[in-house]
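Close look at the chain arrangement
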Amino acid sequence: QVQLVETGGGLVQPGGSLTLSCAASGFVFNVYFMNWYRQAPGKERELIAGISSNGGNTAYADSVKGRFTVSRDNVKKTVNLQMNSLKPEDTAVYYCNARYDDSRSFWGQGTQVTVSS
């Protein structure tokens, strides 16, 4: 059974940091591209970071570039999102996504991140 479980969300003050983690099981993790998406209230789900199957390549949305860092551990089958210099506009539900191709794409349940003073 495929599972992606996100943890690490919560309430943080502007300028603070959080690290999200996504634990994967039930599929061959080390051949999947891993992504982080987020969805703010009233907005569409947005791709914010991705990392290749071997971790050698990463990509970021302009909105988080320089502040967020995605990493993965193919032994532990986890992918992390280190978020620094958080802003109120980063408030959203954050989702982990595993993608091999159009027919093999899995989602986690999401974790809430709220940036507020």
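**Concerning the state of the cysteines**
- One pass over the structure, following the stated rule, counts 1 disulfide.
- Through a disulfide, Cys-22 is tied to Cys-96; the S-S separation comes to 2.1 Å. Here Cys-22 and Cys-96 share a disulfide; its torsion about the S-S bond, -80 degrees, makes the bridge left-handed. Residue Cys-22 is found in strand β3 (residues 18–25), and its partner Cys-96 is found in strand β9 (residues 92–101); the two are separated by 74 residues along the sequence.
- In this structure Cys-22 comes out as buried when scored by relative accessible area, which is 0%.

**A few points about a nonpolar patch on the surface**
- On the surface, a nonpolar cluster with roughly 270 Å² of combined accessible area is contributed by Val-28, Val-31 and Tyr-100.
- You can see Tyr-100 is positioned in strand β9.

**Regarding the sheet that holds strand β8 (residues 78–83)**
- Judged by pairing direction, the sheet is antiparallel, and its 4 strands sit side by side in the order β1-β3-β8-β7 without closing on themselves. Each end of this open sheet is capped by a strand with a single partner; those strands are β1 (3–7) and β7 (68–73). The sheet shows a mean angle of 15 degrees between the axes of neighbouring strands, taken without regard to direction.
- In this sheet, β3 lies alongside β1 in antiparallel orientation, the contact comprising 5 bridges. Within β3, the residue paired with Glu-6 across the bridge is Cys-22.

**Quick look at the pairing of strand β10 (residues 104–107)**
- As defined by bridge partners, β9 adjoins β10 across 4 bridges and the pair is classed as antiparallel. Directly across from Arg-99, in β10, lies its bridge partner Ser-105.
- Hairpin connection between β9 and β10: a loop of 2 residues separates the two successive antiparallel strands.

**Things to note about the nonpolar core**
- Judged by nonpolar contacts, the single largest core of 29 residues is most densely connected at Leu-4, Met-34, Trp-36, Leu-81, Met-83 and Tyr-94.
- Elements supplying a minimum of two residues to this core: β3, β4 (33–39), β5 (46–51), β7, β8, β9 and β11 (111–115).

**So, the environment of Glu-44**
- Tracing the sequence through the fold places Glu-44 in the loop between β4 and β5.
- Classification of Glu-44 by relative accessible area gives exposed; the value is 71%.
- What Glu-44 contacts, discounting residues up to four positions off in sequence, is Arg-38 and Gln-39.

Procedures and definitions
Residues numbered from 1 in each chain as written. Predicted model: local features only at pLDDT ≥ 70, side-chain atom pairs only at ≥ 80, totals over all residues. Heavy atoms only, no water. Disulfide = S-S within 2.5 Å. Helix = DSSP H or I, 4+ residues; strand = E, 2+ residues; numbered from the N terminus. Buried < 20%, exposed > 50% of the residue type's maximum accessible area, 1.4 Å probe, protein only. Patch = residues over 30% accessible without salt bridge, like charges linked within 9 Å, V, L, I, M, F, W, Y side chains within 5 Å. Areas by Shrake-Rupley, 256 points an atom, 1.4 Å probe, with all protein chains shown as cover. Salt bridge = Lys/Arg side-chain N within 4 Å of Asp/Glu carboxyl O. Pairing = 2+ DSSP bridges. Axes fitted to C-alpha atoms, helices over the stretch in contact; angles between N-to-C directions. Core = buried A, V, L, I, M, F, W, Y, C linked by side-chain atoms within 4.5 Å. Contact = heavy atoms within 4.5 Å.

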